[in-house]
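Examining the three-dimensional arrangement
One-letter residues, chain by chain:
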Amino acid sequence: MSFPAYHATVPVQSSPLQSVSRASSHGRRPPILERNLVKGRSNEVSLSAYAFLFCEMLSYATKKSSGIQDMEKKLSDFGYRVGIRSLELLVFRDRPNRRDTRLLNTLSFIHTNVWKTLFGRAADSLEKGTDNEDEYMISDNEPNVTKFIAVPKDMNQLSCGAFIGGIVEAVLYGCGFPAKVSAHSTGSDQFPLRTTILMKFDKSVLLREKGFEPR
Amino acid sequence: MLHALLIINKAGGLIYNRDFTDGLAKLTSNEYLVMAGTFHGVHAITSRISPVPGSSGMELLETDTFKIFCFQTLTGVKFLLITDPSQPNADVTTRKVYELYADFVMKNPFYNPEMPIRIDLFDSNVQKLVRQTNAAG
């Protein structure tokens with residue numbers, strides 16, 4: 001690796017990192033910028049801490065927006081910023097020197113790798129839309145993001161999964177597959193919090209995809 | 001057998017009540033409010049005026065036909081469980097309810113603290129817990 005000082009798991013004796021890690025060795029972890037980029041178990045965040053943060057993000061979005069659509073747009077923008085950054089990190093960690101050019105590979109990368117990194121498990125399903133060629137769906141039966149959130153009856157069109165939608169949109173955009181992404185609550189009795197992310201791909205993506213197919 | 005659950009906020013207001021069994025006398029919502037307010041007052045008295053200093057306040061009220069278990073959190077919210085006199089380990093159940101409250105009420109951005117709890121997810125999870133507890137006991 002090209003930045004040995006930052007990537008060394010055990011700081012070298014003479015490295016300036018040594019003093020930092022000693023100062024923070026009393027049960028405290030090094031600051032996030034000094035941690036190894038390669039994935040480890042210790043990168044997990046408490047779900048409760050996260051839930052409270054998301055809570056505040058939602059209140060902020062509620063306060064700053066005029067209607068439900070506006071609010072979903074805000075949530076999706078929040079997600080976009082997460083997505084574009086996590087893609088960078090994921091590509092570095094999981095698939096260096098490799099880039100998918102096919103749609104299905106990219107979708108399964110999102111369904112599996114992105115989901116596993118962000119939410120600790122793969123999404124529950126990846127389907128192709130039955131009506132339209134350009135639509136794909138990823139569903140999660142119990143998204144971590146909205147695990148504790150019950151949307152009140154007067155706002156029942158709101159889908160807090162818009163945040164996840166934003167993440168997916170950013171990852172797709174970053175991979176070169178621009179798409180319109182929307183999130184829908186598709187709760188059933190068995191999975192009341194089920195959320196479906198609907199991706200409608202840009203024409204250019206489908207045209208390129210056709211070009212890959214053997215004649 | 002768990003009969004009912006009441007949650008009282010730190011000001012003594014009733015913010016949640018649910019009956020779980022059919023055999024209970026139907027109290028009006030006003031009577032529930034009075035019961036919650038009275039319990040809150042008595043709890044405050046028992047924690048202030050106690051023969052032994054440092055009392056936590058009343059934790060159990062026992063009668064011939066029912067028991068009331070009370071669990072007060074550090075923030076002053078009280079969970080009251082009305083149970084059968086023979087109910088064991090109700091204090092464990094109150095803590096489980098507290099956990100559900102922390103998860104599904106406090107982590108819900110649409111809930112205003114100190115206000116009545118009207119949250120479907122909390123309801124269904126409490127029902128599930130009560131069903132499990134009643135089936136086990």
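Cut-offs and rules
- Residues numbered from 1 in each chain as written.
- Chains lettered and ligands numbered in written order.
- Predicted model: local features only at pLDDT ≥ 70, side-chain atom pairs only at ≥ 80, totals over all residues.
- Heavy atoms only, no water.
- UniProt positions renumbered as here; feature names shortened; annotations may be inferred.
- Salt bridge = Lys/Arg side-chain N within 4 Å of Asp/Glu carboxyl O.
- Helix = DSSP H or I, 4+ residues; strand = E, 2+ residues; numbered from the N terminus.
- Pairing = 2+ DSSP bridges.
- Axes fitted to C-alpha atoms, helices over the stretch in contact; angles between N-to-C directions.
- Contact = heavy atoms within 4.5 Å.
- Buried < 20%, exposed > 50% of the residue type's maximum accessible area, 1.4 Å probe, protein only.
- Expected span 1.5 Å × (residues − 1).
- Polar contact = N/O pair within 3.5 Å; in protein donor to acceptor, adjacent residues only side chain to side chain.
- Parallel < 35°, antiparallel > 145°, perpendicular 65-115°, else oblique.
- Left-handed = near helix turned anticlockwise from the far one by under 90°.
- Nonpolar A, V, L, I, M, F, W, Y, C, P; charged D, E, K, R; others polar.
- Patch = residues over 30% accessible without salt bridge, like charges linked within 9 Å, V, L, I, M, F, W, Y side chains within 5 Å.
- Areas by Shrake-Rupley, 256 points an atom, 1.4 Å probe, with all protein chains shown as cover.
- Disulfide = S-S within 2.5 Å.
- Buried area = accessible area lost by both parts, 1.4 Å probe.

Chain B is annotated in an unreviewed UniProt entry as Trafficking protein particle complex subunit from Geranomyces variabilis. Its UniProt record, at the heading Subunit (unreviewed entry), says of chain B: "Part of the multisubunit transport protein particle (TRAPP) complex." The record held by UniProt for chain B lists under Sequence similarities (unreviewed entry) the comment "Belongs to the TRAPP small subunits family. TRAPPC4 subfamily."

By the naming in an unreviewed UniProt entry, chain A goes by Trafficking protein particle complex subunit and is assigned to Geranomyces variabilis. Here is the UniProt Subunit (unreviewed entry) comment for chain A, exactly as written: "Part of the multisubunit TRAPP (transport protein particle) complex."

Attention shifts here to the pattern of salt bridges. Applying the stated criterion to the full structure yields 11 salt bridges over all chains. A salt bridge links Glu114(B) to Lys10(B); the shortest N-O distance between them is 3.0 Å. Here Lys10(B) lies in the loop between β1 (2-8) and β2 (14-19) and Glu114(B) lies in the loop between α2 (90-105) and α3 (120-136), a separation of 104 residues in the sequence. Linked by salt bridges that have partners in common, Arg121(A), Asp124(A) and Asp140(A) make up one network.

We now examine the sheet that holds strand β3 (residues 60-62) of chain B. Residues and elements named next belong to chain B. If you walk across this open sheet you meet the five strands as β2-β1-β5-β4-β3, and the pairing is antiparallel. Looking at strand neighbours, the two that pair on one side only are β2 and β3, the edges of this open sheet. Averaged over neighbouring strand pairs, the angle between their axes works out to 15° when direction is ignored. Together, β1, β4 (67-72) and β5 (78-83) form the strand contacts of α2, whose direction differs from that of β5 by roughly 135°.

Turning to the pairing of β4(B), a few remarks are in order. Residues and elements named next belong to chain B. Where burial is concerned, most of β4 is hidden: five out of the six residues are buried. With three bridges connecting them, β3 and β4 associate as antiparallel partners. Looking across to β4, one finds that Leu 60 is bridged to Phe 69. Where β3 folds back onto β4 in an antiparallel hairpin, the turn is made up of four residues. Pairing between β4 and β5: six bridges, direction antiparallel. Looking at the pairing, Phe 71 lines up with Phe 79 of β5. The turn joining β4 and β5, which pair antiparallel and follow one another in sequence, is formed by five residues; a positive phi near 95° is taken by Gly 76.

What follows deals with helix α3 (residues 47-64) of chain A. Taking 1.5 Å as the rise per residue, α3(A) with 18 residues should run 26 Å; its terminal C-alpha atoms sit 25 Å apart, in good agreement. Of the residues that open α3(A), the one with a side-chain oxygen 3.2 Å from the backbone nitrogen of Ser48(A) is Ser46(A).

Residues and elements named next belong to chain A. Between helix α5 (residues 103-119) and helix α6 (residues 162-175), whose axes approach to 11 Å, the crossing angle comes to 130°. On the basis of the axis angle, α5 is oblique to α6. Between α5 and α6 lies a crossing whose hand is right-handed. Contact residues: Thr 106, Phe 109, Ile 110, Val 114, Trp 115, Leu 118 and Phe 119 in α5; Ile 164, Ile 167, Val 168, Val 171, Leu 172 and Cys 175 in α6. Residues that form the contact of α5 with α6 fall into these classes: 12 nonpolar, one polar and no charged.

In this section: a nonpolar patch on the surface. A cluster of nonpolar side chains, namely Leu37(A), Val38(A) and Phe92(A), defines an oily patch on the protein surface of about 240 Å² accessible area. Turning to its location among the elements, Leu37(A) is positioned in the loop between α2 (17-23) and α3.

Summed over all chains, the structure comprises zero disulfides over all chains. You can see Cys55(A) has no disulfide; the closest cysteine sulfur is in Cys160(A), sitting 9.8 Å from it.

Our focus in this paragraph is the side chain of His40(B). All names here are of chain B. Position of His 40 among the secondary structure elements: in helix α1 (residues 29-48). At a separation of 3.1 Å, a polar atom in the side chain of His 40 contacts the side chain of Lys 78. The residues contacting His 40, other than those within four sequence positions of it, are Ile 8, Asn 9, Lys 10, Ala 11, Gly 12 and Lys 78.

What follows covers the interface of chain B and chain A. With 10 residues of chain B at the contact, the number on the chain A side is 16 residues. The contact between chain B and chain A buries some 1100 Å² in all, and 73% of this surface belongs to carbon and sulfur atoms. Of all residues in chain B, the largest losses of buried area upon contact with chain A belong to Lys107(B), Pro109(B) and Phe110(B), amounting jointly to 58% of the total for that side. Run the count over chain B and chain A and you get one salt bridge.

Moving on: the sheet that holds strand β1 (residues 125-128) of chain A. All names here are of chain A. Here four strands make up an open sheet; going across it, the order is β1-β2-β4-β3 and the pairing antiparallel. At either end of the open sheet lies a strand with only one pairing partner, and these are β1 and β3 (179-185). Strand after strand, the sheet turns through a mean of 20° between neighbouring axes, direction not considered. In this sheet, strand β2 (residues 135-140) lies alongside β1 in antiparallel orientation, the contact comprising four bridges. Paired with Lys 128 across the strands is Tyr 136, a residue of β2. Taken strand by strand, α5 contacts β1, β2 and β4 (195-201), and its axis lies near 15° from that of β2. Sitting on the sheet, α6 touches β3 and β4, and the angle it makes with β3 is about 160°.

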